[in-house]
Amino acid sequence: MQLNTTGLPREDGAPVRAVLTVAAALLVAGVGCGTTQPHNHEAVRTLSVCGTTLSRAAEVPTVQGLGPPHDEPQAPADSLLPPPYSDAPAPGEAQLRVVRIVSGCTRGGTVLVTPRNTVRTGTVVRAPDGSIIALVLIKLDSTAVTVHAYRGAVPLGRLQI
């Protein structure tokens, strides 16, 4: 049983169907009119590590962790990172990589990136003691880059990208 326009129940529901059909037609017509700006239906996703935003994009980059250490060079006293990337990379120009050094947020590691001339550093997430928890690297070409991480002189792991 449906309600007619007077609010009384009616068995056939004809007036209600007519009113709903007209309302639906007006709604559909109104959706296409009244705006000149295109609708952006792509959701923007945020990638954060320990409260620091690393990426806001339609596609969030994969976070890569370190593999086990293997024949690591001597640990540097301080992290040796590539120079910062000053401009946003154009599509297809560079490859964005997010490297997670440790799983927690209280204590990170010292990081060595080699070679540093074919990659740039984006956002760096640091622990309260200044050590590195995660970082964004922007590869400028296809040259293999290795990320080594240490805690003191003890190797934490490595990742080749």
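1. Digging into the environment of Asp129
Structurally, Asp129 can be placed in the loop between β8 (119-126) and β9 (132-139). Residue Asp129 is classed as exposed on the basis of its relative accessible area of 51%. Remark: the alpha-carbon pair of Asp129 and Gly108, spanning 21 residues in sequence, is separated by 8.1 Å. When near neighbours in sequence (up to four residues on either side) are disregarded, Asp129 contacts Arg107 and Gly108. Reaching out from Asp129, the side chain makes a polar contact with the side chain of Ser131 at a distance of 2.5 Å.

2. A few points about the confidence of the model for the chain
The predicted model of the chain averages 74 in pLDDT, with 66% of residues at 70 or higher. Within the model, pLDDT remains below 50 along residues 1-41, and this stretch shows 18 contacts once partners closer than five positions in the same chain are excluded.

3. Let's talk about the sheet that holds strand β5 (residues 63-65)
Read from one edge to the other, the open sheet built from 4 strands follows the order β5-β6-β9-β8, with strand pairing classed as mixed. At either margin of the open sheet sits one strand with a lone partner, and together these are β5 and β8. Neighbour to neighbour, the strand axes of the sheet diverge by 30° on average, direction disregarded. Bridge analysis of strand β6 (residues 95-100) against β9 gives 6 bridges, and the strand direction is antiparallel. Looking across to β9, one finds that Leu96 is bridged to Ile138.

4. Section: the pairing of β9
Of all 8 residues that make up β9, 8 are buried, and the element is covered over most of its length. Here β8 runs beside β9; their pairing, made up of 6 bridges, is antiparallel. Opposite Val125, over in β9, you have Ala134 as the bridge partner. Hairpin connection, β8 to β9: the antiparallel pair is bridged by 5 residues, and Gly130 has positive phi, about 90°.

Rules behind the numbers
- Residues numbered from 1 in each chain as written.
- Predicted model: local features only at pLDDT ≥ 70, side-chain atom pairs only at ≥ 80, totals over all residues.
- Heavy atoms only, no water.
- Helix = DSSP H or I, 4+ residues; strand = E, 2+ residues; numbered from the N terminus.
- Buried < 20%, exposed > 50% of the residue type's maximum accessible area, 1.4 Å probe, protein only.
- Contact = heavy atoms within 4.5 Å.
- Polar contact = N/O pair within 3.5 Å; in protein donor to acceptor, adjacent residues only side chain to side chain.
- pLDDT = per-residue confidence, 0-100.
- Pairing = 2+ DSSP bridges.
- Axes fitted to C-alpha atoms, helices over the stretch in contact; angles between N-to-C directions.

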